[in-house]
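Letter by letter, the chains look like this.
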Amino acid sequence: MEFECNKVITKDHLKALINAENIGKDKHGLTESDLNSKDRMKFKPTERIMSKEVRECLKEFVPESEGTVFLLKVMSETHAAFCDVDIEPLQRVFYMWHALFVVRCWRNSCLARKTASKECITSNAYTCMELNAHAIVMLLDMCRESPEQFLVLCFSSQPAEELFRELRSMTTTLETAVEFSMREIGDRIRRAFMKVLVSYRQKEKYTFPNIIKKLEKYPAVQQIPSKEAIKNEIERARLAASCNLVELGLSIDEQSFNDSLNMRDTSEIEFVSTGTTIVSDEEDEDEEDPHEFEFISISNKNDETASDSANEEENQIETDSDTKISGEDDEEEIIYNASELFPKFGGELRLKGSTSSKKHTFNIRDCRGKVHRIKKSKVLWMMTNGRSRQVNTRLARYKQKTQQNQTSTTS
């Protein structure tokens, strides 16, 4: 894949980072299994790949990886706009529209060269970005007029995934069947609803960890910005995208931020909203819908001024600087050197330490002399290339389906 200013985007940059001799994976957090695209249901590897630490390591240790770094930044902004908790509404608008303007310019450049299918993201992915960018603006408009709380986290796929996990957990021990009928879904949803209802009603008397986690997940009530503030933030995102593209080598004259949607003819289709009446074309033609919006298509502007680029993500790898080995058991505890345990290690050990107990932990000293108490699972993760096998339930379903196909073929 190639960016519009001849910046290459390739998975080889990530492979080079993993195989680099002068940096350990405690710095970037990637393993070889994270680059395996066979299991498309895994999303955690994607989160690790587009993290801030990976982008910084690519800049420092992998030459000519500017295109890959910039795409990972666009991916991170798109994800943060709907999934990060501690972000103000205007910051979400900026992240989503900055990513969209970059992809618009990229796609228009590829369409001009007739190489969009080979050198750009798919049309489905681009259309989803357009829908998400306009949906977040429309949601802010609706929450301002209702008024309703702006819970954009509920519009991601994770609440649905949590519900499916809850429904799948309502089975007997050692149950491997994860598929069920619509009738079973209805029964389990009622049970799940009663479980949540009882938990919320009794949360003052009893402690429910899942309820506490959900209450801490969603931020406090946030003030809804005005329409003018949203328009200014979208324009700021366009200027930041233009500035970033200039830094990558694409001049302002070559930039095009118009949308490239393939709009089908919908003249024969009539859309009717729930709870509204059908109005003929002759009546109330000039009446405005308070929630009516259009796809924002901004023409090229040769502005000399450009705002600062997007703020960097606040997520950083936590280092346990307070964990030290002290007490009467110092002489009995073994302290290992990180340089002897881990290949390609150097500098400070950037692994989150264990503060709960000493059980199943190792005391490891990094190159700077600081001692960390690291869990056994983290030590094994540092020594291996990650998990390469599939989940057992998926493998069992695959074998069962294969056997059924062979039986039907022989019969």
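Everything here concerns the structure above.
Report on the accompanying structure. In this text the structure is predicted, and so the values were computed from the model without any measurement.

Conventions we followed
- Per-chain numbering applies: the sequence of each chain, read as written, is numbered from 1 onward.
- At least 70 in pLDDT is required for a residue's local features to be given in this predicted model, at least 80 for side-chain atom pairs to be given and counted, and no such filter applies to totals for whole chains, interfaces and linings, which use all residues.
- The basis for the side-chain values is all heavy atoms of the structure; hydrogens and waters are excluded.
- For helices, the fitted line uses only the C-alpha atoms of the stretch in contact; every axis is such a line through C-alpha atoms, and the angle between N-to-C directions lies from 0 to 180 degrees.
- Each helix corresponds to a stretch of at least 4 residues labelled H or I by DSSP, and each strand to a stretch of at least 2 residues labelled E; elements are numbered beginning at the N terminus.
- By the definition adopted for this analysis, an angle is roughly parallel if under 35 degrees, roughly antiparallel if over 145, roughly perpendicular if from 65 to 115, and oblique otherwise.
- Helix crossings get a hand from a simple test, with the near helix turned counterclockwise from the far one by less than a right angle marking a left-handed crossing and a clockwise turn marking a right-handed one.
- The contact criterion used is simple: two residues touch if any of their non-hydrogen atoms lie within 4.5 Å.
- What is meant by a nonpolar core is a set of buried Ala, Val, Leu, Ile, Met, Phe, Trp, Tyr and Cys residues, joined one to another through side-chain atoms within 4.5 Å.
- Here the term buried applies to any residue with accessible area under 20% of the maximum for its type, exposed to any over 50%, and partly exposed to those in between, with areas from a 1.4 Å probe on protein chains only.
- Only strands joined by at least two bridges in the DSSP assignment are considered to pair.
- Aromatic rings from Phe, Tyr and Trp, with only the six-membered ring used for Trp, were paired whenever their centres fell within 6.5 Å, and each pair was classed as stacked if the ring planes differed by under 30 degrees, edge-to-face if by over 60, and tilted otherwise.

1. Side note on the packing of helix H6 (residues 89–113) against helix H12 (residues 227–247)
Then comes step 1: One way to put it is that H6 packs onto H12 with a least axis distance of 8 Å and a crossing angle of 45°. Taken together, the axis directions place H6 and H12 in an arrangement best described as oblique. Once H6 is placed against H12, the crossing between them reads as right-handed. Contact residues: H6 offers Leu90, Val93, Phe94, Trp97, His98, Phe101, Val102 and Cys105, while H12 offers Ala229, Ile230, Glu233, Ile234, Arg236, Ala237, Arg238, Ala240, Ala241, Asn244 and Leu245.

2. Some thoughts on the nonpolar core
Then comes step 1: With 45 residues, the main nonpolar core has Trp97 and Phe150 as its most contacted residues.
Then comes step 2: Here the element with the most residues in this core is H6; it accounts for 13 residues.
Then comes step 3: Ile18, Leu30, Val62 and Val69 belong to the second largest nonpolar core, which has 15 residues in total.

3. A closer look at the sheet that holds strand E3 (residues 371–375)
Then comes step 1: The strand order E1-E2-E3 describes an open sheet built from three strands, whose pairing is mixed. The sheet terminates laterally at strand E1 (335–337) and E3, the two strands that pair on one side only. Mean inter-strand twist for the sheet, computed between neighbouring axes without regard to direction, equals 40°.
Then comes step 2: Lying over the sheet, helix H14 (residues 376–383) contacts strand E2 (361–365) and E3, oriented at roughly 90° with respect to E3.

4. A short note on the packing of aromatic side chains
Then comes step 1: Across all of its chains, the model carries four aromatic pairs by this definition.
Then comes step 2: Ring plane angle 45° and centroid distance 5.6 Å describe the contact between Trp97 and Phe101, whose orientation is recorded as tilted. Of this pair, Trp97 and Phe101 both sit in helix H6, four residues apart, roughly one helical turn. The same class applies to Trp97 and to Phe101, which are both buried.
Then comes step 3: With a centroid separation of 5.9 Å and an interplanar angle of 70°, the aromatic rings of Tyr336 and Phe362 are classed as edge-to-face.

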